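Topology and contacts: notes
The chain contents come next:
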Amino acid sequence: MSDLFDLGDKPRLGDVPRRMHAYAVRQNRFGPPRTAWRREILPTPSIGPDEVLVYVMASGINYNNVWAALGTPVDVIADRQRLGEPEDFHAGGSDCSGIVWAAGDNVRNVAVGDEVIVHSGWWRPDDPWVLSGRDPMLAESTRIWGYQTNYGSYGQFARAQAHQCIPKPERLTWEEAGCFLLCASTAYRMLMGWMGNTIEPDDPVLVWGAAGGLGSMALGITRAFSGRAIAVISDEAKRAFCLEHGAVGVINRNQFTHWGPMPDTNDAAAYGAWAKGARAFGKAIWDALGEKVSPRIVFEHPGEATLPTSIFVCATGGMVVICAGTTGYNVTMDLRYHWMRQKRFQGSHLSNDEQAAAVTALIASGRMDPCLSHTYAFDDLPECHQLMLENKHPYGNMAVLVNAVQSGMGATSSPAAEVARV
Ligand code: NAP
């Protein structure tokens, strides 16, 4: 067995080295991603009977590994150690394209040599909830792969459960295929997963952070289901991107100042000023749509700064669906609008196998763009997370090349055994 492949080596399919190059975080360097993420030589993980080892061609960059680098709101290393996992590092990464390099004895859905992308829903196969056939994303054992589990996509080899693998869309390059699925599958569950409040033709959908990873995917999904997305941005330079990716209108949030937790409803002056701002934002939505209709779905993730406005502007019987609290977790809302207008405030987290496959099918068929923003080299990985933390990253989804030696490759159906072609 080889000991270590250099990046750019041309290994034989199925040849697994003892060690690998991987980016990792350790507790003693939690902090800014630029210094927290460091390239190390780590042991190549072994796999269990339901798992696969994936030779990673390209990896997407996600915000969860900004949080992992910061060590907040959870220390993912300490969390895993509490569960009995010995490693004192976090080798993260929750999105990739690659080649199945080894497969456990129980694996039936993929075989060595298959070109795949990996979604990041991880759960224990023996979890009673999962075995009962119900939505595994609601199981107690569910974790986010490459964030709450080790050996994600930021290494030459990633360890994943076989059910996470989806055939790689042939039309996409390695980096296009590896960049989108975490955000796309999360957005799909948010917009199409909550019965009674899924996108119907002409539905207005308000999308916060519309040029970001999640937001760009929400624009694509809304367009694919004939909804009308209203994009929110903070920088005029993002306007054209949003319109090109399906938004019917764009609002610049910098034109408003009422952000943050809602003031005390007994403080008439402060509440009045807030309500004036929220109403003006609602009017901006009507202007963007060209008619006085409110969003049937509000696609939320900033949280504390925007949630009071989201609840206020949401249509009667509509839904504010939220998967994060990037600006803070201390959420306020004017409950009077919430109950009188019978709105729904729905938490949502990642996706199950079917939802990940459904959004991949949209992208594979060309109905939706993976929104690859920029392809970086492997060693740019810390800087990509730093850009994201500072909200200075390019629009859409970033990718880094891992074992792929140059961008633009992989968009064919050639056999994986010809991996040397990259
Ligand atoms: P991203 O690419 O950085 O996009 C976030 C967008 O939010 C930015 O483009 C920014 O757009 C907007 N934003 C920043 N500050 C804001 C503020 N104060 N008010 C309103 N909007 C603001 O990140 P992402 O990949 O979309 O992820 C966003 C969040 O969702 C992260 O916290 C991430 O961890 C989380 N997430 C959760 C799940 C899940 O399954 N639970 C899955 C994916 C991501 P503008 O500045 O242009 O407005």
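Before reading further, recall that the structure is shown in the block above.
So, here is what we can say about the structure in this document. (Residues numbered from 1 in each chain as written. Predicted model: local features only at pLDDT ≥ 70, side-chain atom pairs only at ≥ 80, totals over all residues. Heavy atoms only, no water.)

Next up on the list: the overall build of the chain. Scanning the chain for helices and strands turns up 13 helices and 18 strands. Taking 422 residues into account, the globule formula puts the C-alpha radius of gyration at 22 Å, and the chain, at 22 Å, falls close to it. Taken along the three principal axes of its C-alpha coordinates, the chain extends 70 × 45 × 40 Å. For the chain, the residues scored as buried account for 57% of the 422 residues in total. Looking at the chain alone, contacts between residues at least 24 apart form 71% of all its contacts between residues at least 6 apart. For the chain, the distance from the average position of its 36 positive side-chain charges to the average position of its 44 negative side-chain charges is 5 Å. (Helix = DSSP H or I, 4+ residues; strand = E, 2+ residues; numbered from the N terminus. Rg over C-alpha atoms; globule rule 2.2 N^0.38 Å. Buried < 20%, exposed > 50% of the residue type's maximum accessible area, 1.4 Å probe, protein only. Contact = heavy atoms within 4.5 Å. Lys, Arg positive; Asp, Glu negative; His and termini not counted. Charge placed at Lys NZ, Arg CZ, Asp CG, Glu CD.)

All right, on to the site of the ligand then. Of all residues adjacent to the ligand, which total 26 residues, the nearest are S234, K238, R253, T326 and L350. Between R253 and the ligand, the recorded distance is 2.7 Å, taken from a side-chain N or O atom to an oxygen atom. H349 is positioned with one of its side-chain polar atoms (N or O) 2.9 Å from a nitrogen atom of the ligand. Across the complex, the protein chains shield 89% of the 910 Å² of accessible surface that the ligand would expose by itself. Counting atoms within 2 Å of the grid points, the majority share of the ligand lands in the largest pocket. (Near = heavy atom within 4 Å. Polar contact = N/O pair within 3.5 Å; in protein donor to acceptor, adjacent residues only side chain to side chain. Areas by Shrake-Rupley, 256 points an atom, 1.4 Å probe, with all protein chains shown as cover. 1 Å grid on protein atoms, 1.4 Å probe; cavity = no way out; pocket = protein on both sides within 12 Å on 5 of 7 lines; lining within 4 Å. Sits in = over half its atoms within 2 Å of the grid points.)

Now for unusual backbone geometry. For residues besides glycine, phi is generally negative; the peptide bonds are generally trans as well. Note that the residue after T72, namely P73, is joined by a cis bond; omega there is 5°. You can see P73 is positioned in the loop between helix 2 (64-70) and helix 3 (76-82). Of note in the backbone geometry, D202 takes a positive phi value of approximately 75° without being a glycine. By the secondary structure assignment, D202 is in the loop between helix 6 (181-192) and strand 11 (204-207). In this model, C371 sits at a positive phi of 55°, which is unusual for a non-glycine residue. Positionally, C371 belongs in the loop between helix 12 (353-364) and strand 17 (372-376).

Under the definition given, this model contains 18 aromatic pairs. Look at W37 and Y154: their rings are 5.2 Å apart centre to centre, the planes differ by 80°, and that puts the pair in the edge-to-face class. Remark: Y154 occurs in the loop between strand 8 (143-144) and strand 9 (157-161) and W37 occurs in the loop between helix 1 (33-36) and strand 2 (38-43); sequence separation between them is 117 residues. Of the two residues examined, W37 and Y154, each falls in the buried class. Taken together, a centroid distance of 4.3 Å and an interplanar angle of 20° make the contact between Y55 and W101 stacked. Here the residue Y55 occupies a position in strand 3 (residues 51-60), and W101 occupies one in strand 5 (residues 96-103), the gap between them amounting to 46 residues. With respect to burial, Y55 and W101 carry one shared label: buried. Within the aromatic cluster, the residues linked to one another by ring pairs are F5, Y55, W101 and F157. (Phe/Tyr/Trp six-rings, centres within 6.5 Å; stacked < 30°, edge-to-face > 60°.)

In this section: the side chain of H301. If you trace the backbone, H301 turns up in the loop between strand 14 (297-300) and helix 10 (307-313). The buried category is assigned to H301, whose relative accessible area is 11%. Apart from the residues lying within four places of it in its own chain, the contact partners of H301 are W208, G209, L214, I322, C323, A324, G325 and T326.

Now for the pairing of strand 18 (residues 397-401). Counting buried residues along strand 18, five of its five residues qualify, which places the element largely inside the surrounding structure. On strand 18, burial covers both faces: N397, A399 and L401 on one face and M398 and V400 on the other are all buried. Inspection of the sheet shows strand 3 paired to strand 18 by three bridges, in the antiparallel sense. Looking across to strand 18, one finds that A58 is bridged to L401. Alignment of strand 17 against strand 18, held across four bridges, turns out to be parallel. Residue pairing across strands places H374 opposite M398, the latter belonging to strand 18. Handedness of the crossover joining strand 17 and strand 18 through helix 13 (residues 381-389): right-handed. (Pairing = 2+ DSSP bridges. Right-handed = clockwise from strand over helix to strand, strands pointing away.)

Moving on: the environment of N62. Relative to the helices and strands, N62 is located in the loop between strand 3 and helix 2. Since its relative accessible area comes to 2%, N62 is described here as buried. Between the C-alpha atoms of N62 and C384, which are 322 residues apart in sequence, the distance is 9.2 Å. In this view, N62 contacts S94, D95, Y154, L182, C183, H385 and M388; residues no more than four positions away in its chain are not counted. For N62, the side chain forms a polar contact with the side chain of D95, separated by 3.0 Å.

So, about the pattern of salt bridges. Within this structure, the stated rule accounts for 17 salt bridges. Across the pair R29 and E40 runs a salt bridge, and its minimum N-O distance is 2.6 Å. On the criterion of sequence distance, the pair formed by R29 in the loop between strand 1 (19-26) and helix 1 and E40 in strand 2 is long-range, its members being 11 residues apart. Of the two residues, R29 and E40, neither departs from the other in class, the shared state being buried. Between R34 and E383 there is a salt bridge; the shortest N-O distance is 2.9 Å. Of this pair, R34 sits in helix 1 while E383 sits in helix 13, placing them 349 residues apart in sequence. Owing to a relative accessible area of 42%, R34 belongs among the partly exposed residues under this scheme. (Salt bridge = Lys/Arg side-chain N within 4 Å of Asp/Glu carboxyl O.)

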